[in-house]
Amino acid sequence: MAFTKLNINTAPDGSVYLLQVTDTHLFADEQTGLLGVNTNDSFTAVIENIQSDNIPFEYILATGDLSQDHTKRSYQRFAERIADLDRPCVWLPGNHDMQENMLTLEQHGVLAAKQLVSEHWQIIMLDTQLEGEPHGVMSQRQLDNLAEALAEYPDKHVLIAMHHQAIPVGSKWLDQHNLKNADEFFAVIADYPNVRGVIFGHVHQNYEFQFDGIAFIATPSTCIQFLPLSANFALDHQQPGWRYLQLTAEGRIATRLRRLSERSFLPDPKSKGY
Ligand SMILES: Nc1ncnc2c1ncn2[C@@H]1O[C@@H]2COP(=O)(O)O[C@H]2[C@H]1O
Ligand SMILES: [Fe+2]
């Protein structure tokens, strides 16, 4: 079964304009927090800041860990907040998600499409979840669908989105929870120099690295942040964030990272994990 397809618009300047939000970790109960940060409040603050940013975006990519407690209510909460932005949103699953309940997002206008096709670009949304495990694996079906999608549009630039990191981000504890069969992913894309970028979540930090001609880009969570390059679990005082992407007609990816202002949300510094 191939990916569900969605045709998307190109702006008059030839670009596709996107917004990435990730790792919202929402709960059914709006009072519940993760390591001292109320995830509903921090996500709401992010949405309000996006509304006042005045930076263009036409589509929203939600790259997993949308819920922390797996409930339908938490996904509904996600959809309600995203609706305030008045743009189509597509999702892919993270390690903390429950896909059965995540499918209900569609009823609230958050789309399950996995292949977004525009004039110059295609965007492919991959599932790397291995249920019950913090690390990721790309199933044979995902690899086959990816190969099929790449073969379908060899003349378009490609952006791939997934939850897990396919290359290490440099934190020993977090890189245990990586995409385990990244070699199989790289083998599939090896024949396609038109793959320009891979965007992901999971690592709760800003990350941008050019590897083998491909931009690897991670976006901060809308709640808690992990300290970059830390061998052991450690939280960062950096604020919740989100990212704008411009995919140009020539195949360039321009991005702009934004965060809430200093000290808006501070996690409990004694936290040892979750
Ligand atoms: N102290 C810890 N050591 C190792 N892994 C952890 C720790 N705390 C949380 N994790 C897991 O690491 C994951 C990284 O980001 P997630 O949001 O997927 O959820 C996190 C947990 O599943
Ligand atoms: Fe997460």
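Counting of residues starts from 1 at the beginning of each chain's written sequence and follows it residue by residue. All chains are assigned letters beginning with A, and all ligands numbers beginning with 1, in the order in which they are written. Totals for whole chains, interfaces and linings use every residue, but because this is a predicted model, local features are given only for residues with pLDDT of at least 70 and side-chain atom pairs only at 80 or more, for both listing and counting. To get the side-chain values, take all heavy atoms of the structure and skip hydrogens and water.

Within an unreviewed UniProt entry, the label attached to the protein chain reads 3',5'-cyclic adenosine monophosphate phosphodiesterase CpdA, and the organism entered is Agarivorans aestuarii. One UniProt comment on the protein chain, placed under Sequence similarities (unreviewed entry), says "Belongs to the cyclic nucleotide phosphodiesterase class-III family." Heading Catalytic activity (unreviewed entry) of the UniProt record for the protein chain holds this comment: "3',5'-cyclic AMP + H2O = AMP + H(+)". UniProt positions are given in the numbering used here, feature names are shortened, and annotations may be inferred rather than shown by experiment.

**Brief notes about the overall build of the protein chain**
A count of helices and strands for the protein chain gives 6 helices and 17 strands. Radius of gyration here uses only the C-alpha atoms, and the compact-globule reference equals 2.2 Å multiplied by the residue count raised to the power 0.38. Against the globule reference of 19 Å for 274 residues, the protein chain gives a C-alpha radius of gyration of 17 Å, in line with a compact fold. Overall, the protein chain is about 50 × 40 × 35 Å in size when its C-alpha atoms are taken along their principal axes. For every residue, the accessible area obtained with a 1.4 Å probe (protein chains only) is divided by the maximum for its type, and the residue is called buried under 20%, exposed over 50%, and partly exposed between those limits. Burial statistics for the protein chain: of 274 residues in total, 58% are counted as buried. The long-range share in the protein chain, meaning contacts at least 24 apart out of those at least 6 apart in sequence, stands at 72%. Positive residues here are Lys and Arg, negative ones are Asp and Glu, while His and the chain termini are left out of the count. Every charge is mapped to an atom, namely NZ of Lys, CZ of Arg, CG of Asp or CD of Glu. Placing the 20 positive and 34 negative side-chain charges of the protein chain at their respective mean positions leaves the two points 5 Å apart. Note on conventions: DSSP H or I runs of at least 4 residues are helices, E runs of at least 2 residues are strands, and numbering of each starts at the N terminus. The contact rule is simple, with two residues in contact once any of their heavy atoms fall within 4.5 Å.

**Remarks on the packing of aromatic side chains**
The description of two aromatic rings rests on the distance between their centres and on the angle between their planes. When the centres of two rings from Phe, Tyr and Trp lie within 6.5 Å, Trp using its six-membered ring, the rings pair. Their planes under 30 degrees apart give stacked, over 60 give edge-to-face, and anything left gives tilted. Per the counting criterion, the structure on display carries 12 aromatic pairs. For the pair Phe226 and Tyr274, a centre-to-centre distance of 6.4 Å together with 25 degrees between the ring planes defines the contact as stacked. Note that Phe226 is positioned in strand S14 (residues 225-226) and Tyr274 in the segment after strand S17 (253-259), a separation of 48 residues in sequence. When its relative accessible area of 3% is taken as the criterion, Phe226 is described as buried. Members of the aromatic cluster, joined through ring pairs, are Trp173, Phe226, Phe233 and Tyr274. Here, over-ring charges are defined by two tests on the NZ atom of lysine or the CZ atom of arginine: distance to the ring centre within 6 Å, and angle to the ring normal within 35 degrees. Positioned over the ring face of Phe57 is Arg87, at 5.2 Å from the centre of the ring. Positioned over the ring face of Trp91 is Lys114, at 3.9 Å from the centre of the ring.

**Side note on the coordination of the iron ion (ligand 2)**
With water excluded from the atoms, a metal site may look incomplete; its donors are any N, O or S atoms within 2.8 Å, or within 3.2 Å for Na, K and Ca. Distances from the iron ion (ligand 2) to its protein donors, Asp23 (OD), His25 (NE2), Asp65 (OD) and His204 (NE2), fall within 2.1 to 2.3 Å. Along the chain, the residues donating to the iron ion (ligand 2) fall in the pattern D-x1-H-x39-D-x138-H. Here the residue Asp65 occupies a position in the loop between strand S5 (59-62) and helix H2 (72-83), and His204 occupies one in the loop between strand S11 (195-200) and strand S12 (207-211), the gap between them amounting to 139 residues.

**Overview of the sheet that holds S5**
The pairing criterion for strands is at least two bridges between them, as found by DSSP. The mixed open sheet is built from 6 strands, whose spatial order is S7-S6-S5-S2-S16-S17. Either end of the sheet is taken by a strand with one partner, and the two such strands are strand S7 (110-111) and S17. Note on geometry: axes are C-alpha line fits, over the in-contact stretch for helices, and angles between N-to-C directions span 0 to 180 degrees. Across the sheet, helix H1 (residues 39-53) lies against strand S2 (16-21), strand S16 (241-247) and S17, angled at about 40 degrees from S16, the strand it touches most.

**Side note on unusual backbone geometry**
Positive phi, normally seen in glycine, also occurs at Leu35, with a value near 50 degrees. Tracing the backbone shows Leu35 in the loop between strand S3 (33-34) and strand S4 (37-38). Its relative accessible area of 15% is what places Leu35 among the buried residues. Here the phi dihedral of His70 falls at roughly 70 degrees; this positive angle occurs in a residue that is not glycine. Its place among the elements puts His70 in the loop between S5 and H2.

**A closer look at the environment of Arg259**
Its location among the elements puts Arg259 in strand S17. By relative accessible area, Arg259 is classed as partly exposed at 22%. The spacing of Arg259 and Ile50 is 209 residues in sequence and 9.7 Å in space, taken between C-alpha atoms. Not counting the four nearest positions on each side in its chain, Arg259 is found in contact with Asn206, Pro220, Gln225, Gln238, Gln239, Pro240, Gly241 and Trp242. Any pair of N or O atoms that falls within 3.5 Å is considered a polar contact. Within protein, one atom must be able to donate a hydrogen and the other to accept it, and sequence-neighbouring residues count only if both atoms are side-chain atoms. Polar side-chain contacts of Arg259 include one of 3.2 Å to the side chain of Gln238.

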